[in-house]
Amino acid sequence: AQTVTQSQPEMSVQEAETVTLSCTYDTSESDYYLFWYKQPPSRQMILVIRQEAYKQQNATENRFSVNFQKAAKSFSLKISDSQLGDAAMYFCASFPSGTYKYIFGTGTRLKVLA
Amino acid sequence: DARVTQTPRHKVTEMGQEVTMRCQPILGHNTVFWYRQTMMQGLELLAYFRNRAPLDDSGMPKDRFSAEMPDATLATLKIQPSEPRDSAVYFCASGLVPSGRPPTDTQYFGPGTRLTVL
């Protein structure tokens, strides 16, 4: 079975500091996509960042970047210069190419301290 | 700014009542997904449509749940009769899959419908 594991149920970070959220996945597919979604209290699922597994270069979106370690099946999210608006649940997800099913982790709740 | 819309945003109903949730996918998208989110189970895929055809509804309790796409701009999820264990947030998501190719692109989520069954 394909799984996504987020081992940190909750994390805290001081405003303006950097935090890294962990994610590991297990897939038998050779081609797949990885995502981080943010879910603020409004419940809206917002795409943060997307990584194609065949690309070695780590994806970056402004203050958000990933550390993609394909051999280790690790896909961590780094948030730099944390802002109060970053407080949310963060979900890691894998999406094996050739399927239509996202496999979501259980989420990490990020608290940003002023 | 194209986005997925869902109605209603909140629904409180009594056990045994019929509940219908609606979703308008992003114009031009040809895939629609229904998810259910609970604290215990996390995000679960209930149903998947491609070009309005249901391709997978194995995650859905068949005896009480049904999903349809009457047209390309409307997807519905119906629960009849509803039960307290159906209380959850239901998300619709849409995406674009080129014809003849597997899905590779991002799914865009709606704001969700929070359902409470008393």
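The structure we're discussing is the one just above.
> Could you give an account of the overall build of chain B, naming the residues involved and the relevant values?
Counting secondary structure elements, chain B contains 0 helices and 11 strands. Each helix and strand of chain B, placed in order from N terminus to C terminus, yields the pattern β-β-β-β-β-β-β-β-β-β-β. Its C-alpha atoms give chain B a radius of gyration of 14 Å, near enough to 13 Å, the size a compact globule of 118 residues would have. Projected onto the principal axes, the alpha-carbon positions of chain B cover approximately 45 × 30 × 30 Å. Each of the 118 residues in chain B was classed as buried or not, and the buried ones make up 47%. Long-range contacts, defined here as pairs at least 24 residues apart, represent 57% of the contacts in chain B between residues at least 6 apart. Carbon and sulfur atoms make up 51% of the accessible area of chain B, which amounts to about 5,900 Å² in all.

> Explain the overall build of chain A residue by residue, including any values.
A tally of helices and strands in chain A yields 0 helices and 12 strands. In chain A, the order of α-helices and β-strands from amino to carboxyl end is β-β-β-β-β-β-β-β-β-β-β-β. At 14 Å, chain A has a C-alpha radius of gyration in line with the 13 Å of a compact globule built from 114 residues. Along the first, second and third principal axes, the C-alpha set of chain A runs to 40 × 25 × 20 Å. Burial status across chain A gives 49% buried among its 114 residues.

> Can you tell me about the nonpolar core, naming the residues and giving the values?
Grouped together as the largest cluster of nonpolar side chains are 25 residues, with contacts concentrated most on Trp 36, Phe 75, Leu 77, Tyr 90 and Leu 110 of chain A. Within the residue set of this core, elements represented by two or more residues are β3 (19-21), β5 (32-39), β6 (46-52), β8 (64-69), β9 (74-79), β10 (88-96) and β12 (108-113) of chain A. Contact partners of Leu 77 of chain A, with chain neighbours within four places excluded, come to Val 19, Thr 20, Leu 21, Trp 36, Val 48, Ile 49, Phe 64, Ser 65, Val 66 and Tyr 90 of chain A. Core analysis: the next-biggest nonpolar cluster, separate from the first, contains 22 residues, Leu 46, Ala 67, Tyr 90 and Cys 92 of chain B among them.

> Describe the layout of surface pockets, listing the residues and the values that go with them.
Of the volumes computed, that of the largest pocket is approximately 460 Å³. Residue lining of the largest pocket: 18 residues in total, with Met 89 and Phe 91 of chain A together with Gln 37, Thr 38 and Met 39 of chain B positioned closest to the centre. Contributing elements (two or more residues each) for the lining of the largest pocket: β10 of chain A together with β4 (31-38) of chain B. By residue number, the principal contributor to the lining of the largest pocket is β10 of chain A, which donates 3 residues.

Rules used throughout
Residues numbered from 1 in each chain as written. Chains lettered and ligands numbered in written order. Predicted model: local features only at pLDDT ≥ 70, side-chain atom pairs only at ≥ 80, totals over all residues. Heavy atoms only, no water. Helix = DSSP H or I, 4+ residues; strand = E, 2+ residues; numbered from the N terminus. Rg over C-alpha atoms; globule rule 2.2 N^0.38 Å. Buried < 20%, exposed > 50% of the residue type's maximum accessible area, 1.4 Å probe, protein only. Contact = heavy atoms within 4.5 Å. Areas by Shrake-Rupley, 256 points an atom, 1.4 Å probe, with all protein chains shown as cover. Core = buried A, V, L, I, M, F, W, Y, C linked by side-chain atoms within 4.5 Å. 1 Å grid on protein atoms, 1.4 Å probe; cavity = no way out; pocket = protein on both sides within 12 Å on 5 of 7 lines; lining within 4 Å. Points joined across faces, edges and corners; volume = space filled by probe spheres on them.

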